[in-house]
Amino acid sequence: MKKQLLAVLLCGALLTGCGTAAVPQQTGSGASGSAPEQPVVQRIDLDDFSFGGCASLSLAGNLAAAKAGDTSYEAAHDKTAFAGNSEEAWQRLLDGELDVVLAYAPSAETQKKLEEQGISLVEVGTDALVFLAGSSSEEDTSLDWTKQDILTAYQKDNTSGWTGYAAAAGSDSRRIFAAVFGSDAPGVTMQSGEDTLTAACPHTAGTVCYTTWLSLLRNGKPNDTSIIAVDGMLPGDTAEEGKSYPLTVSYYLAVRPGLEQNDPAMLFYRWLGSDAGRTWLAEAVLPPAAEETGESDDMSQAS
């Protein structure tokens, strides 16, 4: 499975004929409210509503938009708005700039604002935090760590021999780190005037960096790095005997309030938030064959 995973990454995430595989499975419960009912939908015109979210989820979002619009990934990408982090995405929904948003869980403060506007979140998928170890081409690139091994690399007084580089403060991957480990770890930082900045990861031997699984699939694995297995698992591994990759996090879908049930934004929200929509997305994101990306499919089967 690990060899298959690396082959998938090397084939370019979307635009080659790679096969599909399972991703960590979601529970199906939302942050608030239950999954919406699924309407009978043949095709949704992507020009009729605005859809976007945080940049880290652009792969999943654009695949879903391509499916709903019965079009190519590239065409869907031109019509969606995935940029910034999740807090920015939720704020665009609150401000009425987007009709539908796909993002990671909001902060408690933002969650309260969403609830005040009557906006409920539905869990539609599961992403993961992925750690990359810098190495030379001559080194053995197979690494299997525990969560404690990872935390040790991010401690200032660690004796592991590894140097941990954190993502930028406020980024989704940094917030996910804090969520899955229970606390933040700034890793290597540098000073620029009065500001403390996160140092860019050099991807050299002895360094550890992290990103999200969906971002890694979209962008590809950097040269001279290896993906660290955690407790013997990689994000794309199929769970066996109750064991699964431990560093997972859910992401959510929401629609702005006050829309009619037959509004295109609502139809899209109801499809992707349904059991069938979530199942389809889980199978699609790792990654589909190029010819399947824009393939027509009657979404009425998701009822």
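Summary of the structure given here. This structure is a prediction, so every number in the text was calculated from the model and none was measured. (Residues numbered from 1 in each chain as written. Predicted model: local features only at pLDDT ≥ 70, side-chain atom pairs only at ≥ 80, totals over all residues. Heavy atoms only, no water.)

1. Observations concerning the overall build of the chain
Okay, step 1: Across its full length, the chain holds 11 helices and 12 strands.
Okay, step 2: Taking all 303 residues of the chain together, the buried fraction comes to 50%.
Okay, step 3: Sequence separation of 24 or more characterises 76% of the internal contacts of the chain that already satisfy a separation of 6 or more.
Okay, step 4: With an accessible surface of roughly 13,500 Å², the chain has 46% of that area assigned to carbon and sulfur atoms. (Helix = DSSP H or I, 4+ residues; strand = E, 2+ residues; numbered from the N terminus. Buried < 20%, exposed > 50% of the residue type's maximum accessible area, 1.4 Å probe, protein only. Contact = heavy atoms within 4.5 Å. Areas by Shrake-Rupley, 256 points an atom, 1.4 Å probe, with all protein chains shown as cover.)

2. Here's the deal with the state of the cysteines
Okay, step 1: Using the criterion set out here, one finds 1 disulfide in the structure.
Okay, step 2: The partner cysteine of Cys201 in its disulfide is Cys209, sulfur to sulfur 1.4 Å. Across the S-S bond linking Cys201 and Cys209, the dihedral sits near 65°, which makes this disulfide right-handed. (Disulfide = S-S within 2.5 Å.)

3. Brief notes about the pairing of strand E12 (residues 248-255)
Within a regular beta strand, the side chains point alternately toward one face of the sheet and then the other, so they alternate between its two faces.
Okay, step 1: Within E12, 7 of the 8 residues are buried, leaving the element largely enclosed by the surrounding structure.
Okay, step 2: The sheet contact formed by strand E3 (residues 100-104) and E12 spans 5 bridges and is antiparallel. By the bridge assignment, Leu102 is partnered in E12 with Leu253.
Okay, step 3: Taken together, the 6 bridges between strand E4 (residues 122-134) and E12 define a ladder with antiparallel strand orientation. The residue of E12 that forms the bridge with Asp127 is Val249. (Pairing = 2+ DSSP bridges.)

4. As for the nonpolar core
Okay, step 1: Ranked by size, the top nonpolar core spans 82 residues in total, and within it Phe131, Tyr154, Tyr251 and Phe268 carry the most contacts.
Okay, step 2: A total of 8 residues in this core trace back to one element, the largest contributor, which is E4. (Core = buried A, V, L, I, M, F, W, Y, C linked by side-chain atoms within 4.5 Å.)

5. Things to note about helix H5 (residues 108-116)
Okay, step 1: When H5 is considered as a whole, its buried residues turn out to be Thr110, Gln111 and Leu114. Along H5, the residues classed as buried sweep out an arc of 105° about the axis, all on the same side. In this structure, H5 carries Ala108, Glu109, Lys112 and Glu116 as exposed residues pointing more than 90 degrees from its buried face.
Okay, step 2: Buried residues belonging to H5 abut helix H4 (86-94). (Arc of directions from axis to C-beta.)

6. A look at the pattern of salt bridges
Okay, step 1: Within the structure shown, the criterion is met by 5 salt bridges.
Okay, step 2: Taking the shortest distance from any N to any O, the salt bridge between Asp99 and Arg256 comes out at 2.5 Å. You can see Asp99 sitting in the loop between H4 and E3 and its partner Arg256 sitting in the loop between E12 and helix H9 (264-272), a full 157 residues away along the chain.
Okay, step 3: Close ionic contact of Asp184 with Arg174 constitutes a salt bridge, the shortest N to O distance being 2.8 Å. Highlighted residues: Asp184 in the loop between helix H7 (172-181) and strand E7 (189-192) and Arg174 in helix H7, separated in sequence by 10 residues.
Okay, step 4: Taking relative accessible area as the criterion, Arg174 reaches 11% and is therefore assigned buried. (Salt bridge = Lys/Arg side-chain N within 4 Å of Asp/Glu carboxyl O.)

7. Describing the packing of aromatic side chains
Okay, step 1: Overall, the coordinates contain 14 aromatic pairs when judged by the stated rule.
Okay, step 2: In this structure an aromatic cluster arises from ring pairing among Phe49, Phe51, Phe82, Phe268, Trp271 and Trp280. (Phe/Tyr/Trp six-rings, centres within 6.5 Å; stacked < 30°, edge-to-face > 60°.)

8. Section: helix H2 (residues 58-69)
Okay, step 1: The end-to-end C-alpha separation of H2 is 16 Å, in line with the 16 Å expected for 12 residues at 1.5 Å each.
Okay, step 2: Taken across its 12 residues, H2 has 12 buried, putting it largely inside the fold.
Okay, step 3: Among all positions in H2, only Ser58, Leu59, Ala60, Gly61, Asn62, Leu63, Ala64, Ala65, Ala66, Lys67, Ala68 and Gly69 are buried.
Okay, step 4: Count one or two residues on from H2 and you reach Asp70, which has phi positive near 50°. (Expected span 1.5 Å × (residues − 1).)

9. Describing unusual backbone geometry
Okay, step 1: Even without being glycine, His203 reaches a positive phi, approximately 55°.
Okay, step 2: Tracing the chain through its elements places His203 in the loop between strand E8 (195-198) and strand E9 (207-212).
Okay, step 3: Phi at Asp224 is positive, roughly 55°, even though this residue is not glycine.
Okay, step 4: Secondary-structure assignment places Asp224 in the loop between helix H8 (213-219) and strand E10 (225-227).
Okay, step 5: For Asp224, a relative accessible area of 45% corresponds to the partly exposed category.

From the geometry alone we can't say anything about function, so treat these as descriptive.
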